[in-house]
Amino acid sequence: MRRASSKLLSHLHHQPHPKSSLSLLPKELTTQLSSLSTTTTTNEPNYNHPSQGHFKTHNFLKLTQYLANPSQNFSTVVDPQSPPYQLSSRQRKSKEKSDLEEAFESAKTAEDMLYAFKEMEASFDERELGLASLKIGLKLDQEGEDPEKIMSFATRALKIIESEQYGYEKPLSLNEKLSLSMTLQLLGSTCYSLKRFNDALGYLNRADMILSWLTKEDSSSSLADINAVLHAVQLELANTKTALGRREDALGNLRKCLEIKEMTLEEGSVEVGNSNRDVAEAYVAVLNFKEALPYCLKAMEIHKAQLGLNSVEVAHDRRLLGVIYTGLEQHEKALEQNQMSQKVLKNWGLSSDLLRAEIDSANMQIALGKYDEAINTLKGVIPQTDKESEHRAVVFISMAKALGNQEKFVDSKRCLEIASSILGKKELNSPLEVSEAYMEISMQYETMNEFETAISLLKKAQAMLERIPQEHHSVGTVCARIGWLLLLTGKVDQAVPYLEDAAGRLKESYGSTHFGVGYVYNNLGAAYLELDRPQSAAQVFGVAQEIMDRSLGPSHVDTIEAAQNLSKAYSAMGSYALAINFQQNVVHAWENHGPSAQDELKEANRLLEQLEAKARFASADGNPLKGSPSCQTGEVTSTRSSRPRVSSRAKP
C-alpha cells in the first residue's frame, strides 16, 4: 500500500512556502538580474534556468560558492561612465534565501533535502522553517527512515506552526491549517510506528477535528485537498484503534475512508473496490459476517468490471467471500468461491496464496462433513510445504480435525503432536501465527476432553499475545476460553479472573453489544452463582441477556438460556417475583419454537412450577427462602451453547 506521506508530499508541492523569500525580490531587480544573466561571459551555471529542475548534491557546493561571492558571477560589458549596479544588503539576502529555497524544493531525495535544509538553517528564521521541516518528515517517512528521526522534524514543524497560530492575532490560512493537519497526521503515524498508540490517537483525533471543521467551512474549490489529508488521517485512525483493540471503532474510520474515495474517485474505480474489501475484512475481524457480505460483493463486482474475471484481485475477493460464507454457515457457497479462487491463483502462479486457499478448502470440506475429501485435499498439500514450515503445521492441524471428526483420536493426536513440534521452533520468529495455531490445537484437545492440555496451550498462546500490543482483542479471546475450560473442570475460583479480564477486553475491542461479550458474561454469571454470589450473577446475567436479545434476537437459543440463568439467579436471591417473570418469558420463547423444542418447553414449565411453589411457601412462611442448593448452582445452564464461542471464531 502506498504510504500516506507520498500523497501528502504531492499536495505540499503545490503550496507556497510560508514566509517565502521568493516574494521578497522586487520586480525591478528580478528583471535586471534576468538581463544580466543573459549577457554573462562566465562559465558558471545559470541557477534560475528552467531546464535545471533536478537539483543534485554537487549543485549545493557551487550554489554556496555563488552565494558567498555574488558579484563575481556576473561579468558584464558596461559603459565606464556608468556606475556599476550593485545589490543592496537586503536584496542580496533575499536572493540568497530565494536560491536556497529553490534548491530545497528541487531536491529529489531525503539526503539532498537534508543538505539543503542545513544550508537554510543559517539564513532563515526558525519560524520560517515549519513547512520545510514537515516536508522533510514526510519524505523520510516515505522512504522508510528511522521513526525517531521523522519524529524530530515533525515535532519541530508542529512547534513552529503552533507558534504561528497562537503567537499572532491573525488566524491561520487554509493552507496553514492543512499543514497543521498534515503535521499532526505525520506525528500520529510516527507514534504508531513507535507503538505509542495513545499518543498517536491524540494527534490523529486533533487532526480529524480540524479537517472536519474545514470540510464544513471552506469552499468546494479546496475540498479535494482537504479530503486527501482527511483520508490519510482516517486510515491512520483505523490502524491505531485496531492496534488498541478498538476494532468496532476502527470500522467507522474505514467506512469514512470508503466514503471519501467514492466522492473523489471515478465511480467503479479499482481503488474504490479495494476500499470496499478493506471494510469487508474489518467486519470479518469482528465476526460480523452479515455486514461484511455486501462490501465484499461490491468489491468483487468492481474488480470484475475493471480487471476481468480472472484477475488476482477477483481471486482475493472470492477467497474472502469464502471466509464470509463460512462464518454465515453457508459452506457450499464458501467452497464454491474457494474453488473458483484457486483456479485463478493457479493460473497466475501464486503458489503461496494457492496453498492457503487449498487449506481453506479442506476446512470447508470438514464443515460439510466431507472428511475423506478433506483428508485427500490435505495429503495433496503436504508435499508442497517445507518439512519444518508453519504451513505444514497448519496442514496437520486441519488433518487432525478431520480425523477427530471420524473418531480416529490416536491418529488425530499424532497429527497435533507433529504440528506442536514444528510450532515450538517458531515461537520467537512468528509469535502471532504460532499463538493462533495453539488456540486451534487447544480446541481439538478440548473436543477429546483433554482439558488440561487445552488449557496449557491456551496459556502459552496468552503469554505470547500479551507481548504484541496490537493483539489486545486476541488476549481477551484466549482468556475467555481459559475461563470457560476452568469453569467446566470445576476450578471456579481460577475461572473468574480470566472471565472478568476477557469481558473487559472483548467489550473494548468488539463493542459492548457484541454477542461474544454476551457469552462471556453468561459464563461469568454461572461462575458467580457457583461461588454463592447471586447478586453478582444476576447483574452479569442481565447484561448477557440484554446483549444477546439485541444481537441475536429474543428467540435465539442462547438468548433464552441467558434469561433462564437470570431467573435462577433471582431465585437464589429469594426474589421469586422476578424469577417467575423471567421464567415465564423462557416458557413463551420455547413455545414459539414449536414442536422442535418440546423437551426444552417441558423443562421450562417444570422450573416455572417449582418457582411458583417456592414463592407460595415463602409467602406462607413469612420468611423468604434463598432457594435450595439445586436452584442455586446445579441447574445453571452451562451447555455447549453457553460457551464463549467468540474465542473459537475470533480468527475466522
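Notes on the structure in this doc start here. (Residues numbered from 1 in each chain as written. Predicted model: local features only at pLDDT ≥ 70, side-chain atom pairs only at ≥ 80, totals over all residues. Heavy atoms only, no water.)

**Considering the overall build of the protein**
Along its length, the protein carries 30 helices and zero strands. Taken across its 652 residues, the protein has 49% of its residues classed as buried. Once local pairs closer than 6 in sequence are excluded, the contacts in the protein between residues at least 24 apart make up 66%. For the protein, the accessible surface area stands at approximately 31,200 Å², while carbon and sulfur atoms represent 49% of it. (Helix = DSSP H or I, 4+ residues; strand = E, 2+ residues; numbered from the N terminus. Buried < 20%, exposed > 50% of the residue type's maximum accessible area, 1.4 Å probe, protein only. Contact = heavy atoms within 4.5 Å. Areas by Shrake-Rupley, 256 points an atom, 1.4 Å probe, with all protein chains shown as cover.)

**Remarks on the environment of Ser-106**
Inspection of the secondary structure assignment puts Ser-106 in helix α4 (residues 89-106). Ser-106 sits in the buried class, given a relative accessible area of 12%. As for Ser-106 and Ala-116, which are separated by ten residues in sequence, their C-alpha atoms are 9.6 Å apart.

**Remarks on the pattern of salt bridges**
Inspection of the entire model under this criterion finds 21 salt bridges. The shortest N-O distance in the salt bridge between Glu-162 and Arg-206 comes to 2.7 Å. Pair noted here: Glu-162 is in helix α7 (residues 147-167) and Arg-206 is in helix α9 (residues 197-217), with a separation of 44 residues, a long-range link. For Lys-401, the salt bridge is made with Glu-440, and the minimal N-O distance between the two is 3.4 Å. Pair noted here: Lys-401 is in helix α18 (residues 390-405) and Glu-440 is in helix α20 (residues 431-447), with a separation of 39 residues, a long-range link. Owing to a relative accessible area of 27%, Lys-401 belongs among the partly exposed residues under this scheme. You can call Glu-440 partly exposed: its relative accessible area is 24%. (Salt bridge = Lys/Arg side-chain N within 4 Å of Asp/Glu carboxyl O.)

**Brief notes about the side chain of Arg-277**
Mapped onto the elements of the fold, Arg-277 is located in helix α12 (residues 270-285). If near-sequence neighbours (up to four positions away) are discounted, Arg-277 is found in contact with Ala-299, His-303, Glu-313, His-316, Asp-317 and Leu-320.

**A word on unusual backbone geometry**
Residue Leu-287 is not a glycine yet carries a positive backbone phi of 65 degrees. Tracing the backbone shows Leu-287 in the loop between α12 and α13 (289-307). You will see that Glu-407, though not glycine, has its phi angle at about 60 degrees, which is positive. By secondary structure assignment, the location of Glu-407 is in the loop between α18 and α19 (409-424).

**Notes on the nonpolar core**
Counting residues in hydrophobic clusters, the biggest one holds 124 residues, and the most contacted among them are Ile-324, Leu-423, Tyr-438, Ile-441 and Tyr-521. Considering each element in turn, this core owes the most residues, ten residues, to helix α24 (residues 515-530). In this structure, Tyr-438 is in contact with Ser-420, Leu-423, Gly-424, Glu-427, Leu-457, Lys-460, Ala-461 and Met-464, ignoring residues within four places of it in sequence. The next biggest cluster of nonpolar side chains, apart from the first, holds 48 residues, and it includes Leu-140, Leu-172, Phe-197 and Ile-226. (Core = buried A, V, L, I, M, F, W, Y, C linked by side-chain atoms within 4.5 Å.)

**Some thoughts on helix α26 (residues 557-573)**
Helix length check: α26, at 17 residues, gives a terminal C-alpha distance of 25 Å against a target of 24 Å (1.5 Å per residue), a fit within 8%. Burial of α26 is extensive: 16 of the 17 residues sit out of reach of the surface. Gly-574 sits one or two positions beyond α26 and adopts a positive phi of about 85 degrees. (Expected span 1.5 Å × (residues − 1).)

**So, the packing of aromatic side chains**
Counted by the stated rule, this structure contains five aromatic pairs. For the ring pair Phe-117 and Phe-153, a centre distance of 5.8 Å and an interplane angle of 75 degrees mean the geometry is edge-to-face. Here Phe-153 lies in helix α7 and Phe-117 lies in helix α5 (residues 110-123), a separation of 36 residues in the sequence. With relative accessibility at 3%, the residue Phe-117 sits in the buried group. (Phe/Tyr/Trp six-rings, centres within 6.5 Å; stacked < 30°, edge-to-face > 60°.)

**Thoughts on the environment of Arg-533**
Along the chain, Arg-533 turns up in the loop between α24 and α25 (534-551). Expressed as a C-alpha distance, the spacing of Arg-533 and Ala-572, which sit 39 residues apart in the sequence, is 9.1 Å.

**Describing the environment of Val-543**
Along the chain, Val-543 falls in helix α25. Look at Val-543 and you get partly exposed, because its relative accessible area is 31%. Taking the C-alpha atoms as reference, Val-543 lies 9.7 Å from Gly-525; in sequence the two are 18 residues apart.

**Brief notes about the packing of helix α23 (residues 492-510) against α24**
Relative orientation of the contacting elements α23 and α24 amounts to 155 degrees, with a least axis distance of 9 Å. The angle between α23 and α24 falls in the class roughly antiparallel. As α23 packs across α24, the resulting crossing turns out to be left-handed. Contact residues: α23 offers Val-492, Val-496, Leu-499, Glu-500, Ala-502, Ala-503, Leu-506 and Lys-507, while α24 offers Val-517, Val-520, Tyr-521, Asn-523, Leu-524, Ala-527, Tyr-528 and Glu-530. Its residues assigned to classes, the contact of α23 with α24 comprises twelve nonpolar, one polar and three charged. (Axes fitted to C-alpha atoms, helices over the stretch in contact; angles between N-to-C directions. Parallel < 35°, antiparallel > 145°, perpendicular 65-115°, else oblique. Left-handed = near helix turned anticlockwise from the far one by under 90°. Nonpolar A, V, L, I, M, F, W, Y, C, P; charged D, E, K, R; others polar.)

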